[in-house]
Amino acid sequence: MLAALVGLALAGCGGTVPPPNDQLAASQAAIRAADEVGAEADPQATLHLKLAREQLDKARQQMAAEDNESALRLLERAEADAELALAIAKARSTQAQAQEALKQVEKLKQAGVQ
């Protein structure tokens, strides 16, 4: 009985961390989202996407070794890097669209359309 209580007390004080499956899924989704918007087309976004993938791979290794706390931290970083890659790619796309719109406005001005 005493051993069971001590075991419960130790588990309550930060025992083992469960596998971070939800964070794994969130990190994978963030990487897919960055891929889908074309993050590979921008060097800065590509760097962050590469970091996210490396962290995801390391996290999987940590999960296999049952070091779930380290895996969770790596997965959080992977998600953050993937989201940064996504934001950079979206910003570049928006910037390109704005430049195209400015070109169209300039063409219209030159054609005499006010």
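For the structure given in this document, a descriptive report is provided here. Throughout this document, residue positions are counted from 1 along each chain, in the order its sequence is written. Predicted model: local features are reported for residues with pLDDT of at least 70 only, side-chain atom pairs are reported and counted for 80 or more only, and whole-chain, interface and lining totals are derived from all residues. Think of the side-chain values as coming from all heavy atoms in the structure, minus any hydrogens and water.

## Describing helix α4 (residues 68–110)
Line of reasoning, step 1. The way it works is that DSSP assigns letters per residue, a run of H or I at least four long becomes a helix, a run of E at least two long becomes a strand, and they are numbered from the N terminus. Expected helix span is taken as 1.5 Å per residue step, with the number of steps being one fewer than the number of residues. For α4, with 43 residues, the first-to-last C-alpha span of 63 Å sits near the 63 Å given by 1.5 Å per residue.
Line of reasoning, step 2. In the stretch just after α4, G112 is the one whose phi turns positive, near 90°.

## Observations regarding unusual backbone geometry
Line of reasoning, step 1. Here the phi dihedral of E66 falls at roughly 60°; this positive angle occurs in a residue that is not glycine.
Line of reasoning, step 2. Residue position: E66 is located in the loop between α3 (43–64) and α4.
Line of reasoning, step 3. Remark: exposure states derive from per-residue accessible area (1.4 Å probe, protein chains only) relative to the maximum for the residue type, with buried under 20%, exposed over 50%, and partly exposed in between. Since its relative accessible area comes to 68%, E66 is described here as exposed.

## Re the nonpolar core
Line of reasoning, step 1. With 20 residues, the main nonpolar core has I31, A34, A39, L49, L75 and A85 as its most contacted residues.
Line of reasoning, step 2. At the level of secondary structure, the elements contributing two or more residues to this core comprise α2 (21–36), α3 and α4.
Line of reasoning, step 3. Tallying contributions element by element places α4 first for this core, with 9 residues.
Line of reasoning, step 4. Note on definitions: a residue-residue contact is assigned when non-hydrogen atoms from the two residues lie within 4.5 Å. Among residues more than four places away in sequence, those in contact with L75 are P20, Q23, L24, S27, L56, A59 and M63. Here the nonpolar core consists of buried residues drawn from Ala, Val, Leu, Ile, Met, Phe, Trp, Tyr and Cys, with membership extended through side-chain atoms lying within 4.5 Å.

## Quick notes on α3
Side chains three or four residues apart in an α-helix point the same way, a direct result of the helix having 3.6 residues per turn.
Line of reasoning, step 1. Under the 1.5 Å per step criterion, the end-to-end length of α3 is 32 Å for 22 residues, consistent within 8% with the ideal 32 Å.
Line of reasoning, step 2. Residues A45, H48, L49, A52, Q55, L56, A59 and M63 constitute the buried set of α3. One side of α3 holds all its buried residues, which, seen down the axis, span an arc of 125°. Summarising the geometry of α3, the exposed residues directed more than 90 degrees from the buried face are P43, Q61 and A64.
Line of reasoning, step 3. In this structure, the buried side of α3 is in contact with α2 and α4. Directions are taken from the helix axis to each C-beta atom, and the arc is the one they span.

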